[in-house]
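Listed below are the residues making up each chain.
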Amino acid sequence: MDSSVAPVTIDNAHRQNPTKLSSQKKPSKGGWKAAFFVISVEMAERFAFYGLAGNLITYLTNNLGEPVVTAAKNVNTWVGVSAIFPLLGAFIADSYLGRFKTILASSVIYFLGMVLLSLSVSVIPIHSRKAVFFTALYVLAIGEGGHKPCVQTFAADQFDENNPEEKAAKSSFFNWWYLGIVTGASVAIVVVIYLQDNVSWAAGFGVLSGSLAVALAVFLIGIRKYRKQRPTGSPFTSVAQVFVAAAKKWRVSETHGGRGICYEDDRRGGSHVKGQTMGRDLVRTKQFRFLDKAMIIDDKDTLSKTRDPWRLCSLNQVEEVKLVLRLIPIWLGCLMFSAVITQLHTFFTKQGSTMLRSIGPNFQVPPAALQILVGLTILIAVPIYDRVFVPIARKITGHPSGITMLQRIGTGLFISILNMVVAGLVETARVNTATKHGLMDAPKAVVPMSVWWLLPQYVLTGLGDVFTIVGLQELFYDQMPEEMRSIGAAAYISVVGVGSFINTAIISVVQVISSRHGNEWLGDNLNRAKLNYFYWVLAGLSAFNLCAYIWISRRFVYKKVENNDERVGEGKESGMGGYLDVKV
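Since we're looking at a predicted model, the values are computed, not measured.

Section: the packing of helix H2 (residues 31–53) against helix H5 (residues 99–120)
Relative orientation and spacing of two packed helices are given, respectively, by the angle between their axes and the distance between those axes. Orientation of H2 relative to H5, taken along the N-to-C sense of each, is 30°, at an axis distance of 12 Å. With respect to H5, the element H2 is oriented roughly parallel. When the axes of H2 and H5 are compared, the crossing they make is left-handed. Where H2 approaches H5, its residues Val41, Glu45, Ala48, Phe49 and Leu52 are matched on the opposing element by Ser107, Tyr110, Met114 and Leu117.

Following this line, the structure appears as structure tokens:
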């Protein structure tokens, strides 16, 4: 090959300076003003979700008469499906509808599902109540599928990464975003669960329906202020093209005449759409070198007057596929964390229901209301993390965020191990107290042990969320290709869903093995059960998982981009030990 490669190259002289473009005129759309409208919608959705999920096991066991293990599995399945559907919703948003229309449609579906749920616990005849209740649950799961992956991404899209001021604002966005939705969840746990336990389930679900209606109206009020990203078609087609092209050229040598000849068309600099964040050109990396063959210009490409996208892909296209591949092991490494935190809605609540919960002579704390401790922990920890920890860590590490995203996630994984160890110790103390007072065969009796002994495990759950969940949100937004960011949000959400299914599988395995030895660990009588052993099994699995995560993250390569013809490396190649190295 020689100069005849011209048919598949272009002149990039028209590339413009993205920073200069974004700073020529102060944008009339986007920014915090637009983001606040979106945040309000998410707060209402979290209010509704936790108002339902936080006390769902109580309704299933007390009102529908399900055994504890069956109810726990049903809760895990619903949470899991609600977290898997966002993968489909994200695909629809990124490929066809766009994020705004997807949020709007899913919010309407979510509202209708909550109305149906309210009817199922009130006017629906008793013989049909269970069927209608579960139907409403999975209508809500469909609404979650479109809502969850798009709202956070749509809010983050309101900040232009090529505008220095807005990029600086975005650096704190994920912390304050999570703070906002935790506020919504915490209020639900205090208000709605109290209504469910002390007034009626219909009143509790009715409040949730009303909040969703108000949030939908607020979202529409801000319609003129939003930056709306256009759908770009199926991103999976682009991914498939890279693999097919690389397979077709697996025999082709990368070098010719002592240097690599690669196709670098489709650079992003000149494709800016007004009102949207400008795409950036990716730097070639050394990982997954087998995919680089997809951008090698061979003799057939040279003779062709038009580029066949299934034979020849751009550098940007190949590097975007590498970004996706790098995130898969991190995704797998966080599944055990989600399997641990699902105890919050199941066995933590059942533990609390057996303990002393009185405050004063007449008030009993609803066991599910203890989940407010997680929210309070997050509300306190996020500002401390953002305003105290980050500045101190920044001075030590030189990293703009104090620690890397992967280090933040790994810290949360370690906290989850401590969480299960502490939970197991507290459960051992609870069972010993029951034994001492002769309550082993009285599962409905109140064990004379204060429910506040559960405080440490709830606090550790909140701290784990501050590190791992927020870190995952930022990682899957920052490291995904721009046109796949809704799918990136869905991917981190699906960690929770698959983790719930894993927890269900662990419960089933534990039940089968323990029953063979004459004593089920997770029976309806928690005093006779071995819930503490179950917690320690989760701690052991989490410790093994953390070792695997550290091994994976040390080999992670952060996204690297070009800016103003200078290369900007968004992190050194070692994920756990590296730091952000940005050239301004």
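A word on the nonpolar core
Nonpolar side chains in soluble globular proteins generally cluster together in the buried interior. One finds Trp78, Leu117, Phe133, Phe347, Leu475 and Phe534 to be the most contacted residues of the largest nonpolar core, which totals 147 residues. Filtering out sequence-adjacent residues up to four positions away, tryptophan 78 remains in contact with Phe49, Leu52, Ala53, Leu56, Leu137, Tyr138 and Ala141.

Considering the environment of lysine 559
Relative to the elements of secondary structure, lysine 559 occurs in the loop between helix H18 (531–553) and strand E8 (560–563). Separated by 237 residues in sequence, lysine 559 and lysine 322 place their C-alpha atoms 9.4 Å apart. Within the structure, the side chain of lysine 559 is placed 3.3 Å from the backbone oxygen of methionine 480, a separation counted as a polar contact.

A look at the confidence of the model for the protein
In the predicted model, the protein carries a mean pLDDT of 81, and the fraction of residues at 70 or more is 85%. Here residues 1–26 is a poorly scored stretch, pLDDT under 50, and it has 37 contacts once near neighbours within four places are set aside; other chains count. pLDDT under 50 marks residues 256–260. Its contacts with residues more than four places away, or in other chains, come to five contacts.

Details of the packing of aromatic side chains
In this structure the tally under the stated criterion is 24 aromatic pairs. Arranged with centres 6.4 Å apart and planes meeting at 85°, the rings of phenylalanine 288 and phenylalanine 290 form a pair that is edge-to-face. Relative accessible area serves as the criterion here: at 29%, phenylalanine 288 is assigned to the partly exposed category. For the pair phenylalanine 347 and phenylalanine 534, a centre-to-centre distance of 5.7 Å together with 65° between the ring planes defines the contact as edge-to-face. Remark: phenylalanine 534 occurs in helix H18 and phenylalanine 347 occurs in helix H13 (residues 347–353); sequence separation between them is 187 residues. By the burial criterion, phenylalanine 347 is buried, and phenylalanine 534 matches it. Above the ring of phenylalanine 100, the side-chain terminus of lysine 228 is found at 4.3 Å from the ring centroid. Across from the ring centre of tyrosine 385, 3.9 Å away, lies the NZ or CZ of arginine 408, which sits over that ring.

Looking at the pattern of salt bridges
Side chains that differ in sign of charge can pair as their charged atoms come close. All told, the structure shown has 14 salt bridges when counted by the stated rule. One salt bridge in this structure joins aspartate 292 and arginine 289, with 3.3 Å as the shortest N-O distance. Classification of aspartate 292 as buried rests on a relative accessible area of 0%. A relative accessible area of 42% places arginine 289 in the partly exposed class. Among the salt bridges present, the one from arginine 311 reaches aspartate 298, with a minimum N-O distance of 2.3 Å. In this pair, arginine 311 sits in the loop between helix H10 (299–303) and helix H11 (315–333) while aspartate 298 sits in the loop between strand E3 (281–282) and H10, placing the two residues 13 residues apart along the sequence. As far as the burial class goes, arginine 311 and aspartate 298 line up, both buried. When salt bridges that share partners are traced, they join Glu42, Glu45, Arg46, Glu144 and Lys148 into one network.

Focus on a positive patch on the surface
Positive charge collects at one region of the surface, where Lys29, Lys101, Arg224 and Lys228 lie side by side. Along the polypeptide, lysine 101 turns up in helix H5.

As for the pairing of strand E7 (residues 447–450)
The alternating pattern of E7 places Val447 and Met449 on a buried face and Pro448 and Ser450 on a face that is not buried. When strand E4 (residues 355–356) meets E7, the two strands line up parallel, connected through two bridges. Looking across to E7, one finds that methionine 355 is bridged to valine 447.

Section: the environment of methionine 420
Assignment of secondary structure puts methionine 420 in helix H15 (residues 405–436). Taking the C-alpha atoms as reference points, methionine 420 and valine 340, separated by 80 residues in sequence, lie 7.5 Å from one another. Residues in contact with methionine 420, not counting those within four places in the same chain, are Val340, Gln343, Phe348, Tyr535, Trp536, Leu538 and Ala539.

As for a nonpolar patch on the surface
Among the surface-exposed residues, Phe85, Leu88, Ile92, Tyr96, Leu97, Ile109 and Ile142 lie close enough to one another that they form a single nonpolar patch of about 620 Å² accessible area. Residue placement: tyrosine 96 occurs in helix H4 (residues 68–97). Tyrosine 96 gets classed as exposed once you look at its relative accessible area, which sits at 54%.

Some remarks on the packing of helix H9 (residues 235–248) against H11
Interaxial distance between H9 and H11 falls to 9 Å at its minimum, and their mutual angle equals 105°. Between H9 and H11, the angle is such that the two are roughly perpendicular. From H9, Ser238, Val239, Gln241, Val242 and Phe243 reach across to H11, where they touch Gln317, Val318, Val321 and Leu325. For the contact of H9 with H11, the per-class residue count stands at six nonpolar, three polar and no charged.

Conventions and cut-offs
- Residues numbered from 1 in each chain as written.
- Predicted model: local features only at pLDDT ≥ 70, side-chain atom pairs only at ≥ 80, totals over all residues.
- Heavy atoms only, no water.
- Axes fitted to C-alpha atoms, helices over the stretch in contact; angles between N-to-C directions.
- Helix = DSSP H or I, 4+ residues; strand = E, 2+ residues; numbered from the N terminus.
- Parallel < 35°, antiparallel > 145°, perpendicular 65-115°, else oblique.
- Left-handed = near helix turned anticlockwise from the far one by under 90°.
- Contact = heavy atoms within 4.5 Å.
- Core = buried A, V, L, I, M, F, W, Y, C linked by side-chain atoms within 4.5 Å.
- Buried < 20%, exposed > 50% of the residue type's maximum accessible area, 1.4 Å probe, protein only.
- Polar contact = N/O pair within 3.5 Å; in protein donor to acceptor, adjacent residues only side chain to side chain.
- pLDDT = per-residue confidence, 0-100.
- Phe/Tyr/Trp six-rings, centres within 6.5 Å; stacked < 30°, edge-to-face > 60°.
- Lys NZ or Arg CZ within 6 Å of the ring centre and 35° of its normal.
- Salt bridge = Lys/Arg side-chain N within 4 Å of Asp/Glu carboxyl O.
- Patch = residues over 30% accessible without salt bridge, like charges linked within 9 Å, V, L, I, M, F, W, Y side chains within 5 Å.
- Areas by Shrake-Rupley, 256 points an atom, 1.4 Å probe, with all protein chains shown as cover.
- Lys, Arg positive; Asp, Glu negative; His and termini not counted.
- Charge placed at Lys NZ, Arg CZ, Asp CG, Glu CD.
- Pairing = 2+ DSSP bridges.
- Nonpolar A, V, L, I, M, F, W, Y, C, P; charged D, E, K, R; others polar.

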